[in-house]
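Descriptive structure summary
One letter stands for each residue in the lines below.
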Amino acid sequence: DIPTIKSGVREDKNMKFVGALLTILATASAFAPATFTTQNNGVVTKVEHASSLKMSATQSEPLLATTELPEKLYFEKEKEFPKVLGGMKIGLRKLVVITGASSGLGRKCASVLAKTGRYFVVMAVRDKEKAKQVAQEEGMPDGSYTIMKLELGNLQSVRDFVANLKAFKSARPLTHLVCNAAVYRPKDPNPAWTDDGFEMSMGVNHLGHFLLVNLLLDDMSKAKGARCCIVGSITGNTNTVGGGLVYPQADLGNLSGLEQGMRNPIAMADGKPFFGAKAYKDAKVCNMMTVSQLHERYHESTGITFSSMYPGCIAETALFREKRPWFRKAFPWFMKYVTGGYVSEQEAGERLAQVIDDPICAKSGVYWSWNGGAKTVGRWDASGKPRGAGGSGGEIFENEQSDAVRDRVVAQRMWDASVKAVGLTEKDMYKGK
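Quick look at the structure, then. (Residues numbered from 1 in each chain as written. Predicted model: local features only at pLDDT ≥ 70, side-chain atom pairs only at ≥ 80, totals over all residues. Heavy atoms only, no water.)

Details of the overall build of the chain
The following threshold applies: Counting from the N terminus, the helices are the DSSP runs of H or I reaching at least four residues and the strands are the DSSP runs of E reaching at least two. Whether a residue is buried, partly exposed or exposed follows from its accessible area with a 1.4 Å probe, protein chains only, as a fraction of its type maximum: under 20%, in between, or over 50%, in that order. Any two residues having at least one pair of non-hydrogen atoms within 4.5 Å are treated as being in contact. Using a 1.4 Å probe, the Shrake-Rupley method yields the accessible areas, and only the shown protein chains count as cover for residues.
Looking only at helices and strands, the chain has twelve helices and twelve strands in total. A total of 433 residues make up the chain; the buried ones form 59% of that total. Considering only intrachain contacts with a sequence separation of at least 6, the fraction spanning at least 24 residues in the chain is 76%. With an accessible surface of roughly 17,600 Å², the chain has 52% of that area assigned to carbon and sulfur atoms.

Take a look at the structure:
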């Protein structure tokens, strides 16, 4: 058996071997077409290049595709006219908001919950037309969902979304919130910025969701059995294979960047030079710390269940659409039969839906995982596949986060800095029932 990783020290030869395989695969794939961004007349475009990185993080969290983004993400003229009379559509079903519901993990979760007949899904997305097509492709029942504009890279858009949601649902409280949307830009040589001047990964993945959750706390506190799940990641936990062996490791450092406001030209939470892969991992650390702080500050007074989860490695994803064919074939095989971390997009969506729906997941302050939680590489069993690495199959369980993620003092400082960065006022914050 391969021992579980319990700290930053990894001496087991088998673990080193897997780390070496990851390095070889990542280095080879770096010569496949990758992308960086340039700006021309205000539009960010993709340019192919061949670069050899010391270690690629693209395969450590293959859930997200790099998106071509305009220089400005959200304009006042794009503000939606509020939908009304949503209460009649919702009926007796539970109301759930899912960010990033038009692709990947969020798409499958939205589909699963909508098809139960017990949930009315608000698909909170950047591209509404794409979401309409996705809902049809997934066969989501008519009347089981609505689509609303949400651009997490613009704080005003977050506030507009909350206002429109409240207008739509009227007096009906929001029951569940799934913070899933994210951007992943490990190949970018230079930072991209949100409309408010935040580095894109931190701005969208953490700060946009941070504002959204806080603006909805009061409303959710009025619902019975409310749950809020912020999707986590093994890449933010250094006590896992993906977070501990794949360079770079997440590290918020002394939080100097975030505490200085995290706006252009400050691109990293630790105040150091930009590193795209690390920016994503640091944002995921902030996501998981946010869950811990929400639980500590508000669970008892609101009754809301706050949780995080790791869905597994979705190796067959649009993230690799610009890689060579051999890599797109090899990586899923590698994750299935070497590390054992592979999970299909459908199963990952079912796992996220389980955290929202299953009575087992009513406990607050938990980081949920399946099949070993990716703290080891897989162990071969009678099925002929490795088990125990967070991949397909297995039962849900309460996983343990890394010491860094569980650092309460740093988490409190991160919370305070985030409140200032997104401009939360005393009026905005939850004050109790």
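Next comes the rest of the account.
Digging into the packing of aromatic side chains
What counts is decided by this rule: Centre distance within 6.5 Å is the pairing criterion for rings of Phe, Tyr and Trp, where only the six-membered ring of Trp is used; planes under 30 degrees apart are then read as stacked, over 60 as edge-to-face, and the remainder as tilted.
Using the criterion set out here, one finds five aromatic pairs in the structure. Between Tyr 184 and Tyr 280, the aromatic rings sit 4.5 Å apart at their centres with planes inclined by 55°, giving tilted as the arrangement. With Tyr 184 in the loop between β6 (176–179) and α6 (200–220) and Tyr 280 in helix α9 (residues 276–302), this residue pair connects regions lying 96 residues apart in the sequence. This pair shows no difference in class: Tyr 184 is buried, exactly as Tyr 280 is. Geometrically, the ring pair formed by Tyr 298 and Trp 415 is tilted, given 6.2 Å between the ring centres and 50° between the ring planes. Taken together, the residues Tyr 298 in helix α9 and Trp 415 in helix α12 (residues 408–422) connect sequence positions 117 residues apart.

With respect to the nonpolar core
What counts here: Residues belong to a common nonpolar core when they are buried Ala, Val, Leu, Ile, Met, Phe, Trp, Tyr or Cys residues joined through side-chain atoms within 4.5 Å.
One finds Phe 161 and Leu 177 to be the most contacted residues of the largest nonpolar core, which totals 70 residues. Take this core: its biggest share by element is twelve residues, from α6. If we ignore the near neighbours within four places in the chain, the residues touching Phe 161 are Val 97, Val 122, Ala 124, Met 148, Lys 149, Leu 150 and Leu 212.

Examining the side chain of Ser 418
Position of Ser 418 relative to the elements: it lies in helix α12. Overall, Ser 418 belongs to the buried group, its relative accessible area being 0%. Not counting residues within four places of it along the chain, the set of residues in contact with Ser 418 comprises His 206, Leu 207, Phe 210 and Leu 258.

Re the pairing of strand β9 (residues 366–370)
A regular strand places its side chains so that they alternate between the two faces of the sheet. What counts, and what does not: Only strands joined by at least two bridges in the DSSP assignment are considered to pair.
Most of β9 sits inside the fold, with five of its five residues counted as buried. In β9, alternate side chains face the same way, and those of Val 366, Trp 368 and Trp 370 on one face and Tyr 367 and Ser 369 on the other are all buried. One ladder, built from three bridges, connects strand β8 (residues 305–309) with β9; its direction is parallel. The residue bridging Ser 307 from the neighbouring strand is Val 366, located in β9. Of the strand pairs in this sheet, β9 and strand β12 (residues 396–399) are connected by four bridges, and their pairing is antiparallel. By the bridge assignment, Trp 370 is partnered in β12 with Ile 396.

Section: the packing of α6 against α12
Heads up, the condition is: In this analysis, axes come from line fits to C-alpha atoms, helices being fitted only over the stretch in contact, and the angle between any two N-to-C directions falls in the range 0 to 180 degrees. Note on terminology: angles under 35 degrees are roughly parallel, angles over 145 are roughly antiparallel, angles of 65 to 115 are roughly perpendicular, and the others are oblique. Only Asp, Glu, Lys and Arg are considered charged, only Ala, Val, Leu, Ile, Met, Phe, Trp, Tyr, Cys and Pro nonpolar, and every remaining residue, Gly among them, polar.
With their axes 10 Å apart at the nearest point, α6 and α12 run at an angle of 85° to one another. Here α6 is positioned roughly perpendicular relative to α12, judged by the angle of their axes. Facing His 206, Leu 207, Phe 210, Leu 211 and Asn 214 of α6, the residues of α12 in contact are Met 414, Trp 415, Ser 418, Val 419, Ala 421 and Val 422. The residue makeup of the contact of α6 with α12, split by class, is eight nonpolar, three polar and no charged.

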